[in-house]
There are 2 protein chains.
Amino acid sequence: MKQKLKLSKVYALLEPGPVVLVSTAYHGREDIMTMSWHTMLEFDPPMVGCVISNQNFSFDLLKASKTCVINIPTVTLAKKVVGCGNCSGAEVDKFEQFELTRMAAELVDAPLIDECFANLECRVVDSSLVSKYSFFILEVVKAWIDPTASYPKTMHHQGFGQFMIAGKRIQLKSNMR
Amino acid sequence: MKQKLKLSKVYALLEPGPVVLVSTAYHGREDIMTMSWHTMLEFDPPMVGCVISNQNFSFDLLKASKTCVINIPTVTLAKKVVGCGNCSGAEVDKFEQFELTRMAAELVDAPLIDECFANLECRVVDSSLVSKYSFFILEVVKAWIDPTASYPKTMHHQGFGQFMIAGKRIQLKSNMR
């Protein structure tokens, strides 16, 4: 069972740079897109900037619906993550094809992907750089986390199907948020 | 000795989300800033978007000089990375304080940090989101890499001095660049 995560804690999930699955929905059509080009822009409310190319079906659904969910997978989902990145939602029902489970979001239309340990419901708040860089600015309006995922082994893409998997943790004394 | 890295390969260094050290210089002043809020925006020529807050001395140097270097450290530099993030270049000479070595860049004024395994010389190409989000868009114009760094153990910040260190690599069949 997922639990609500404080919005002020969202940045710590995305700042390390994991591959994410972006789910979108609009008028009965859905898509899941594998994405690595994202950055935090603000802590609280959490703002995220990300590149979703207009060559992706997700681009159309995101532009039309103005909402999406950022789902964070671990390495146990590696094959599904790569699978979602290698076909188009215009042709394939990715939830069915990759046996992923829809969960209803609370504030947006796009579904959460249940198998991912964290799910961030997002609204598009700034499209000023979409035409130039396919860069969407999102606000995370609701966040969910699997409370049992104490050390999720996230995937970090290094190009052409090579991934670095989250290794050990270290703690240093720091005032940096 | 660093070697030139093809610009088309730069994205694979930043896409996994490592903490980087941004070096800047302007009229005899220098700074080094620890940064995690960055994303690729384009493959080739490589474009990078990043947040450098106007509360940082680096913001002033970057705005004035329009250039910087993105240096990628490994965990062997962890204390220096955190040190650079916990003081201001307005008060401290960080190269001296943290015993880091300047190397002359080829195309920009900011110095490379020799101890980092990769160095990306950058020019600011779009400042349209600087006032709203402190978001700079950079083009990487020259890239350098330590050819002996076959599996650099990059650092990935999870907040408040906690870092995930790059773990093992996996390779999956994929058409995703």
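The structure presented is a predicted model; accordingly, all values stated were derived computationally and were not measured.

### A word on the side chain of glutamate 15 of chain A
By secondary structure assignment, the location of glutamate 15 of chain A is in the loop between helix H1 (11-14) and strand S2 (20-26). Arginine 177 of chain A is the oppositely charged side chain nearest to the buried, salt-bridge-free glutamate 15 of chain A, at an N-O distance of 8.2 Å. Among all residues touching glutamate 15 of chain A, those that are not within four sequence positions of it are Met40 of chain A together with Gly17, Ser36, Trp37 and His157 of chain B.

### Digging into the confidence of the model for chain A
When pLDDT is averaged along chain A, the result is 97; 100% of the residues meet or exceed 70. The complex prediction reports pTM at 0.98, with the ipTM value standing at 0.97.

### A closer look at the pairing of strand S3 (residues 29-35) of chain A
Residues and elements named next belong to chain A. Within S3, 5 of the 7 residues are buried, leaving the element largely enclosed by the surrounding structure. Taken together, the 7 bridges between S2 and S3 define a ladder with antiparallel strand orientation. Looking at the pairing, serine 23 lines up with isoleucine 32 of S3. Connecting the antiparallel pair S2 and S3 is a turn made up of 2 residues, with histidine 27 showing a positive phi of about 50°.

### Focus on the environment of serine 127 of chain A
As for its position among the elements, serine 127 of chain A is in strand S9 (residues 118-129). When the C-alpha atoms of serine 127 of chain A and tryptophan 37 of chain A are compared, they prove to be 16 Å apart, with 90 residues separating the residues in sequence.

### Description of the nonpolar core
Membership of the largest hydrophobic core comes to 76 residues, with the highest contact counts inside it found for Ile52, Leu120 and Phe136 of chain A together with Ile52, Leu120 and Phe136 of chain B. The residues touching leucine 120 of chain A, leaving out its near neighbours within four places in the chain, are Val10, Leu13, Leu14, Cys68, Val69, Ile70, Val140, Lys142 and Ala143 of chain A.

### Regarding the pairing of strand S4 (residues 38-42) of chain A
Residues and elements named next belong to chain A. Judged by how many residues are buried, S4 sits mostly within the fold: 4 of 5 residues are covered. Of the pairings in the sheet, the one linking S4 to strand S5 (residues 47-51) comprises 4 bridges and is antiparallel in character. The residue of S5 that forms the bridge with methionine 40 is valine 48. Linking S4 back to S5 in an antiparallel pair, the connection comprises 4 residues.

### Overview of the packing of aromatic side chains
Centre distance and the angle of the planes are the two values used to describe a pair of aromatic rings. Going through the model one piece at a time under the given rule, you end up with 7 aromatic pairs over all chains. The interplanar angle of 85° and the centroid separation of 4.8 Å between the aromatic rings of tyrosine 11 of chain A and phenylalanine 43 of chain A together place this pair among those described as edge-to-face. Residue tyrosine 11 of chain A is located in helix H1, and its partner phenylalanine 43 of chain A is located in the loop between S4 and S5; the two are separated by 32 residues in the primary sequence. Put simply, the rings of Tyr11 and Phe43 of chain A together with Trp37 of chain B touch in pairs and so form one group of aromatic residues.

### Topic: the relation of the copies chain A and chain B
After a rotation of 180° and a shift along the axis of 0.0 Å, chain A superposes on chain B with an RMSD of 0.0 Å. The superposition operator between the copies reduces to a two-fold rotation axis. Here 100% of the contact residues of chain A are again contact residues in chain B; the copies associate through an equivalent surface.

### Comments concerning the environment of threonine 74 of chain A
Residues and elements named next belong to chain A. Residue placement: threonine 74 occurs in the loop between strand S6 (67-72) and helix H3 (78-85). Along the chain, threonine 74 and tyrosine 26 lie 48 residues apart, while their C-alpha atoms are 27 Å from each other. When near neighbours in sequence (up to four residues on either side) are disregarded, threonine 74 contacts Phe117, Pro152, Lys153, Thr154 and Met155.

### Some thoughts on the environment of serine 53 of chain B
All names here are of chain B. Note that serine 53 resides in the loop between strand S5 (47-51) and helix H2 (57-65). Overall, serine 53 belongs to the partly exposed group, its relative accessible area being 21%. Sequence separation between serine 53 and leucine 77 is 24 residues; the distance between their C-alpha atoms is 23 Å. Not counting residues up to four positions away in its chain, the partners in contact with serine 53 are Phe59 and Ser134. Within polar-contact distance, the side chain of serine 53 engages the backbone nitrogen of glutamine 55 at 2.9 Å.

### So, the side chain of serine 174 of chain B
Tracing the backbone through its elements, the reader meets serine 174 of chain B in the segment after strand S12 (162-171). Separated by 3.2 Å, the side chains of serine 174 of chain B and asparagine 86 of chain A make a polar contact. Those residues within four positions of serine 174 of chain B in sequence are excluded, and the remaining contacts are Val82, Asn86, Phe160 and Gly161 of chain A.

What counts, and at which threshold
- Residues numbered from 1 in each chain as written.
- Chains lettered and ligands numbered in written order.
- Predicted model: local features only at pLDDT ≥ 70, side-chain atom pairs only at ≥ 80, totals over all residues.
- Heavy atoms only, no water.
- Helix = DSSP H or I, 4+ residues; strand = E, 2+ residues; numbered from the N terminus.
- Buried < 20%, exposed > 50% of the residue type's maximum accessible area, 1.4 Å probe, protein only.
- Lys, Arg positive; Asp, Glu negative; His and termini not counted.
- Salt bridge = Lys/Arg side-chain N within 4 Å of Asp/Glu carboxyl O.
- Contact = heavy atoms within 4.5 Å.
- pLDDT = per-residue confidence, 0-100.
- Pairing = 2+ DSSP bridges.
- Core = buried A, V, L, I, M, F, W, Y, C linked by side-chain atoms within 4.5 Å.
- Phe/Tyr/Trp six-rings, centres within 6.5 Å; stacked < 30°, edge-to-face > 60°.
- Least-squares fit on C-alpha atoms with pLDDT ≥ 70 in both.
- Polar contact = N/O pair within 3.5 Å; in protein donor to acceptor, adjacent residues only side chain to side chain.

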